[in-house]
Amino acid sequence: MTDAILVFNAGSSSIKFALHPAVVEGAPLLTGKIDGIGRAPDFTVRDARGNYLPEDDLQEIQVTADHEQLTTRLLEWLQHHQTGINLVAAGHRVVHGGRDFTGPAIIDADVLGKMQQLVSLAPSHQPHNLAAINAVSAWDPGLPQIACFDTSFHRTQPRLAQLFGLPHELTDQGILKYGFHGLSYEYIASVLPEHLGSGADARVVVAHLGNGASMCAMKHRHSVASSTGFSALHGLIMGRRCGTLDAGVVLHLIQQQGMSADQVRHLLYQESGLFGVSGISNNMKVLEASADPRAKEAIDLFCYRAACELGSLAASLEGLDAIVFTAGIGENSATVRDRICRRLGWLGVDVDQSANQANDIRISTSGSGVTVLVLPTNEELVIARSVRSLTGLAEVELQLAL
Ligand code: ADP
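The following refers to the structure shown. Residue positions are given per chain, counting from 1 as you read along its sequence in written order. Only residues with pLDDT of 70 or above have their local features reported here, since the model is predicted, and side-chain atom pairs are shown and tallied only from 80 upward, although totals for entire chains, interfaces and linings are computed over all residues. Only heavy atoms go into the side-chain values, all of them from the structure, while hydrogens and water stay out.

1. Some points on the nonpolar core
- In this structure, Leu209, Phe302, Leu320, Ile323, Ile340 and Val349 are the most contacted members of the largest nonpolar core, which totals 42 residues.
- Where helices and strands are cited, they refer to DSSP runs of H or I of at least four residues and of E of at least two residues respectively, numbered from the N terminus. Of all elements in the fold, only β8 (204–209), β9 (213–219), β10 (222–226), α10 (284–289), α11 (293–317), β11 (322–326), α13 (334–342) and β12 (371–374) reach the threshold of two or more residues within this core.
- With eleven residues, α11 is the single largest residue contributor to this core.
- Should any heavy atoms of two residues lie within 4.5 Å, those residues are counted as being in contact. Residues in contact with Leu209, not counting those within four places in the same chain, are Ser214, Leu236, Phe302, Phe325, Thr326, Ala327, Gly328, Ile329, Gly330, Val336 and Ile340.
- Side-chain atoms within 4.5 Å link the members of a nonpolar core, which is a set of buried Ala, Val, Leu, Ile, Met, Phe, Trp, Tyr and Cys residues. Only protein chains enter the calculation, and the probe is 1.4 Å; a residue is then buried if its accessible area is under 20% of its type maximum, exposed if over 50%, and partly exposed in between. Listed in part, the 31 residues of the second largest apolar core include Ala89, Ala200, Val387 and Leu393.

Encoded structure:
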């Protein structure tokens, strides 16, 4: 039997999961995804070598069900089909940790209560995270579960970086810039010394450009500012989210156009961003392949706004020593990286075109004043590490090594 940690990343319409070895850090034993929740769930699993398991093995999970039911089906499937695995703990990506959670936490009744209170701050994500936690508790009440918050990494930001220009009573109620994608930034911060040596502690902006997109300014590998705000709507243009928007537009839509709060919410979260501007797709790869001028405009806007945000974060750091591109677009789109970096020559950024086209790790020229890196992120690994350290599995590793 192999002891394993089950890592969950539950989104609005998908549950990603990975089985990590419990004691020694290594490649996942299994990774998978349930997509299309709420419509027709599609379950895919890859083994340790990255090969997809045959569809016949997955039939029993292809059902129409909600997050909690599908998590239970997944646990049943693991029990029946992965008989060599002994689950010893579970870790969950949780979108919102509010002001209280500055790091991962062992889930007990108190922590669960606090997470429930935070649902109103992340209504489209937090309930799905809680659903997965509840399903695991019901399945095995004794299994230790750890919550890893996307906001925690940003709790080191100075107060000014967190404030809106709103009355202080609202700040006291928690209307602040929280910042998201913290697990991705924590992973990148952990590997920076490998690539930058002592420069890892200098002024770095990490650009997490995926379907959800954000940037984080780091000094000494701690967050000092980020593009995301109170909700995951703020900041960069995203796949379907609008990014930073004049609040007056929201008032106009409600007061002059008679839209309801739910309609505005749907517009800003689902109908905007790359999808809304192009009218074609939220998928950067599709837009890059399109000859439609609206696709071109959506990419232009994405890159323009990303370069402007990077300039703003460089101001928060009072200079810039390195940029790291990560996540689906950041890791794969040479075009987007090039378009963003071309606007940053004034900061000393100079990209080596052939290195960029080849998706090399270092894509800046030797003479560039700012080092530019492309690094894959690994949020699941950060969760597995937190589970090991909070459940004492990491201590077992230390004892074994002695
Ligand atoms: P998330 O985890 O937020 O759902 P990802 O980090 O997987 O998103 O990023 C998805 C985005 O990455 C999509 O817009 C996709 O088109 C883009 N992407 C992936 N590969 C490429 C590529 N080769 N060229 C351009 N864009 C790409």
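So much for the structure itself; the text now carries on.
2. Details of unusual backbone geometry
- Phi at Arg221 is positive, roughly 60°, even though this residue is not glycine.
- Counting through the fold element by element, Arg221 comes out in the loop between β9 and β10.
- By relative accessible area, Arg221 is classed as partly exposed at 28%.
- Positive phi, close to 55°, is recorded for Asn359, a residue that is not glycine.

3. What to know about the pairing of strand β5 (residues 85–94)
- For two strands to count as paired, DSSP must find a minimum of two bridges between them. Where strand β1 (residues 2–10) and β5 come together, seven bridges link them in parallel fashion. Pairing of Val7 across the sheet is with Gly91, part of β5.
- Bridge analysis of β5 against strand β7 (residues 145–149) gives five bridges, and the strand direction is parallel. Of the residues in β7, the one forming a bridge with Ala90 is Gln145.

4. Things to note about the site of the ligand
- Lining the immediate environment of the ligand, one finds 14 residues, of which Asn211, Asn283, Met284, Lys285 and Gly328 sit closest.
- Contacts to the ligand include Lys16, whose side-chain N or O atom sits 3.4 Å from an oxygen atom.
- At a separation of 3.3 Å, an oxygen atom of the ligand approaches a polar backbone atom of Ile329.
- The accessible surface values rely on the Shrake-Rupley method and a 1.4 Å probe; as for residues, cover is taken only from the protein chains in view. Compared with its free state, where it exposes 580 Å², the ligand has 68% of that area covered by protein.
- Of all the secondary structure elements, the ones that give two or more residues to the shell around the ligand are α10 and α12 (327–332). Whether a residue is near a molecule or strand depends on its heavy atoms: if one lies within 4 Å, it is near. Throughout this description, a polar contact denotes any pair of N or O atoms lying within 3.5 Å of each other; where both atoms belong to protein, one of them has to be capable of donating a hydrogen while the other can accept it, and for residues adjacent in sequence the pair is counted only when both atoms sit in side chains.

5. Some thoughts on the packing of aromatic side chains
- Any Phe, Tyr or Trp ring, taking Trp's six-membered ring, that has another such ring centre within 6.5 Å forms a pair; planes under 30 degrees apart are called stacked, those over 60 apart edge-to-face, and the others tilted. Counted by the stated rule, this structure contains four aromatic pairs.
- Three or more aromatic residues joined by ring pairs form one cluster here, namely Phe17, Phe43 and Trp77.
- Two thresholds decide whether a charge sits over a ring: the Lys NZ or Arg CZ must be within 6 Å of the ring centre and within 35 degrees of the ring normal. Against the face of Phe275 rests Arg240, its NZ or CZ located 4.1 Å from the ring centre.
- One residue, Arg265, lies across the ring of Tyr269, its end atom 4.6 Å from the ring centre.

6. What to know about helix α1 (residues 67–81)
- For α1, with 15 residues, the first-to-last C-alpha span of 21 Å sits near the 21 Å given by 1.5 Å per residue.
- Among all positions in α1, only His67, Leu70, Thr71, Leu74, Leu75, Trp77 and Leu78 are buried. Viewed end-on, α1 has its buried residues packed into an arc of 160°, placing them on one side of the element.
- Tucked inside the fold, the buried residues of α1 contact β1, β2 (15–21), β3 (30–35), β4 (42–47), β5 and α3 (126–139).
- Regarding α1, its N-cap is Asp66, as a side-chain oxygen of that residue lies 3.2 Å from the backbone nitrogen of Glu68 further along. Here the expected span of a helix is defined as 1.5 Å times the quantity of residues minus one. Of all possible arcs, the one meant is that of the directions from the helix axis to the C-beta atoms.

7. A look at the pairing of β12
- Both faces of β12 are covered, namely the face carrying Thr371 and Leu373 and the face carrying Val372 and Val374.
- In this structure, β11 lies alongside β12, joined through four bridges in parallel fashion. Within the sheet, the bridge partner assigned to Ala322 lies in β12 and is Thr371.

8. Focus: the packing of helix α2 (residues 109–117) against α3
- Their axes nearest at 10 Å, the elements α2 and α3 cross at an angle of 155°. Taken as axis vectors, α2 and α3 run roughly antiparallel relative to one another. Note that α2 runs across α3; the crossing there is left-handed. Residues Leu112, Met115 and Gln116 of α2 form the contact with α3, whose own contacting residues are Gln126, Leu130, Ile133 and Asn134. Axes, fitted as lines to C-alpha atoms, cover a helix only where it is in contact. Angles between the N-to-C directions of the axes lie from 0 to 180 degrees. By definition in this entry, angles of less than 35 degrees are roughly parallel, angles greater than 145 are roughly antiparallel, angles of 65 to 115 are roughly perpendicular, and the rest are oblique. Here is the rule for handedness: rotate from the far helix to the near one, and if that takes an anticlockwise turn smaller than a right angle the crossing is left-handed, while a clockwise turn gives right-handed.

9. Structural notes on the side chain of His96
- Structurally, His96 is set in the loop between β5 and β6 (105–106).
- Residue His96 is classed as buried on the basis of its relative accessible area, which comes to 0%.

10. Observations regarding the sheet that holds β11
- Strand order in this open sheet of five strands is β10-β9-β8-β11-β12, and the pairing throughout is mixed. Looking at which strands have only one partner, the edges of the open sheet turn out to be β10 and β12. Strand-to-strand twist of the sheet, defined as the mean angle between neighbouring strand axes without regard to direction, takes the value 25°.
- In terms of strand pairing, β8 meets β11 through five bridges, oriented parallel. Within β11, the position partnered with Val204 by the bridge is Ala322.
- Lying over the sheet, helix α6 (residues 182–196) contacts β8, β9, β11 and β12, oriented at roughly 130° with respect to β8.

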